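These are the residues of each chain, in order.
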Amino acid sequence: MTGNEVVFIAPNRELEMVAREVVRELGEPITIELGVLAEGARIAKEAEERGAGAVISRGGTTVLIRKAGLSIPVIDVRVTGYDIMRALHRAKHYGNHVGIVGFSNIVRNVEDAEDILDIRVHKEQVSTPEEIAPALARLRDRKVKAVVGGTEVIKRAGDYGMAGVLLSSGKEAVFEAISEAKTVVSARRREIERAERLRAILSAVYSGVVAIDATGVVTLFNPSAERITGLRAGDVIGRHVTEVIPNTRLHLVLERREAELGQIQRLGHTTIITNRLPVVVNGEVIGVVASFEDVTKIQKLEETIRHELYARGHVAKYTFDDIVGRSKGIKEAIRRAKSFAEVASTIVIEAETGTGKEMFAQAIHLASPRRQGPFVAVNCAALPETLLESELFGYAPGAFTGAKQGGKPGLFEVAHGGTIFLDEIAETSVAVQARLLRVLQEKEVMRVGGYKVIPIDVRIIAATNRKLADLVAQGRFREDLFYRLDVLNLRIPPLRERREDIPLLVEHFLRSAASRMNKTVKGISTEAIEAMMEYDWPGNVRQLENTVEQLVVLNGEHVIEAWEVEEVIGRIPHTHRASQGSAEDGTPLSESTLEELERVTVMKVLSETGWNKAAAARRLGISKTTLWRRLKAWEKRCASSYGGWKGTVS
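Calculation notes
Residues numbered from 1 in each chain as written. Predicted model: local features only at pLDDT ≥ 70, side-chain atom pairs only at ≥ 80, totals over all residues. Heavy atoms only, no water. Axes fitted to C-alpha atoms, helices over the stretch in contact; angles between N-to-C directions. Helix = DSSP H or I, 4+ residues; strand = E, 2+ residues; numbered from the N terminus. Parallel < 35°, antiparallel > 145°, perpendicular 65-115°, else oblique. Left-handed = near helix turned anticlockwise from the far one by under 90°. Contact = heavy atoms within 4.5 Å. Nonpolar A, V, L, I, M, F, W, Y, C, P; charged D, E, K, R; others polar. Pairing = 2+ DSSP bridges. Right-handed = clockwise from strand over helix to strand, strands pointing away. Expected span 1.5 Å × (residues − 1). Buried < 20%, exposed > 50% of the residue type's maximum accessible area, 1.4 Å probe, protein only. Arc of directions from axis to C-beta.

K.L.:
Got a minute to help me understand the packing of helix α24 (residues 540-554) against helix α25 (residues 562-570) in this structure?
P.N.:
Taken N-terminus to C-terminus, the directions of α24 and α25 make an angle of 120°; their axes are 10 Å apart at the nearest point. With respect to α25, the element α24 is oriented oblique. Remark: the crossing between α24 and α25 carries right-handed chirality. Between α24 and α25, the residues in contact are T547, Q550, L551 and L554 and E564, V565 and V568, respectively. Its residues assigned to classes, the contact of α24 with α25 comprises four nonpolar, two polar and one charged.

K.L.:
What is the right way to look at the sheet that holds strand β10 (residues 218-221) in this model?
P.N.:
What links the strands of a sheet is backbone hydrogen bonding, and the strands pair in either a parallel or an antiparallel sense. Taking strand neighbours across the sheet as the criterion, the five strands line up as β10-β9-β13-β12-β11 in an open arrangement whose pairing is antiparallel. Strands at the two margins of the open sheet, each flanked by one partner only, are β10 and β11 (260-267). Strand after strand, the sheet turns through a mean of 25° between neighbouring axes, direction not considered. Bridging between β11 and strand β12 (residues 270-281) involves six bridges; their strand directions are antiparallel. Bridge pairing in β12 links Q263 to T274.

K.L.:
How should the sheet that holds strand β22 (residues 488-491) be read in this particular structure?
P.N.:
What the five strands build is an open sheet, ordered β15-β18-β21-β14-β22; its pairing is parallel. For this open sheet the edge positions go to β15 (375-379) and β22, each flanked by a neighbour on one side alone. For this sheet the average axis-to-axis angle between neighbouring strands, irrespective of direction, equals 20°. Two elements, strand β14 (residues 347-350) and β22, share four bridges in a ladder whose sense is parallel. In the strand pairing of β22, I347 is matched with L488. Across the sheet, helix α15 (residues 328-341) lies against β14, β21 (459-464) and β22, angled at about 155° from β22, the strand it touches most.

K.L.:
For this particular structure, what's the right way to read the pairing of strand β2 (residues 31-34)?
P.N.:
Strand residues, when the strand is regular, have side chains that alternate between the two faces of the sheet. Of the pairings in the sheet, the one linking strand β1 (residues 6-10) to β2 comprises four bridges and is parallel in character. Looking at the pairing, A10 lines up with L34 of β2. Note that the unit made of β1, helix α1 (residues 13-26) and β2 has a crossover that is right-handed.

K.L.:
Could you clarify how one ought to interpret helix α2 (residues 38-49) in this entry?
P.N.:
Helical geometry: 3.6 residues make up each α-helical turn, so side chains three or four residues apart lie on a common side. The terminal C-alpha atoms of α2 lie 17 Å apart, and with 12 residues this matches the ideal 16 Å at 1.5 Å per residue to within 8%. Looking at α2, one finds that the buried residues are G40, A41, I43, A44, A47 and E48. Burial along α2 is one-sided: seen end-on, the buried residues are contained in an arc of 160°. Relative to its buried face, α2 has exposed residues pointing more than 90 degrees away, namely A38 and E49. Packing partners of the buried residues in α2 comprise β1, β2, β3 (54-57) and α3 (59-67).

Structure representation (structure tokens):
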């Protein structure tokens, strides 16, 4: 095994057959073995030794496997309330007093069965296989005629004069367990790869890196640190930093919990510049890391780096793999963009604000034959006309007061051999449009105030959030420039047309924001996701990202709920909301009036349906989940504002 494989250990034949059927439908290379309790734990241990990435089992077998101390993830096939109800219903045929024996992960799911099935359920929770027999004896003494449990319980039930009913799991539970195992294995593999990459990076990085733990003991000393200090890692790691590094201040940073940046330090005959940073996890300093370099080396490298950066210009960083989404619309946009990347023709990207136009432009550049060249991005709406001209085309010496003595190359020159991205192209003036047309026609530029023609080889990707064809019809955009630019046209769908991508984007932004802010967010509820999917997102992906960031800041490290989403969205000015209501006279309704009207309508329908939420949801034309979320939000707001809520969402 390679560490990616999943082993399914079924404690009974019935679960084994269900697992095989699910695996066959999924087409997944999952090993399925039969083994209950101690035997299952033994099989799991052997699977780990062979290199398995995760183990799946159920009930007591899962408990014993976890107690065996495996270092790989152990996934439990969850026993659902439906599984419990189904088994207890079968046991009811033997009498109204029914027993259930199992480990905590089974017994704790027995809640409302007695009222629903009109039976008396006698629960016996066990923590070891040896406790099963005494539990069965106690049930026998209570005149229980049938007992629900796992394989071992069923095997022994007859010895105590009781019928045994096997607690089985459905295909859905098995499918969920396999999906969870695959996710865990994938995440674990990525974590291992990340650790290996970090180790390789620290070994290859040019700067010296030293790290200490919370006690001041050296835990990391990379090869560059050996080169700069003349010390060997083997002589340093494992010892207190003050014993091995002269003039060190790492222990002081550990005590004071404050970073020291850009500090000059002498190590023998070498002068170094160093940064010392405390490592903080959950508010606790768990160590300090320092990076440092020989000052003379830095001075020599600086000149080289400046020259290379000037020659290369800007750099693209996003690829098609960074574009999040599985919807038909975004997949089609990516497919078209990939085909556009293969040719050199000019592209116009037409899309609303916040859809990721520059991300697509960068991805096209990095997938094109020009990927080794520069990628230069210009927001044409952000600069006044005169400044935009000098930025795009450069200027000759003395072209205007304040111009650099030697002149300045324009961004078209900087982008030579690569791609230039002209965002908000529709906002350019007629004069700039005329100069752009010459660039496209002649493949050359002339600096402002100059007379020398400079040939260039640049691919142009233009973008706009408006319809260029409409602007041409209105006389606000040059027709000849439009036809030169619009050789290839790419439309990126707005977020409201790809709502199925919202859960993926939310998950991506949650991880990113939580990591960036050093916060732990436990997750986001299904109702909160649904609330996001119901909103039209006029600001598209950028607005969604900003909303998620606000939720992370305000979250308080709990599961984000729908009312929080609606509260953040509710702060958006009315002119930017997805829809508006109005009074009968046409006057726009206020947000509070709209909400009160909605609340009164919902309460009226609930009253008329006898508080049958399913029936009320059907009459209102919304889902039961949406109705529940509205009631829950009103409950929270009324409780905080008026001290109580007279309805109920249960």
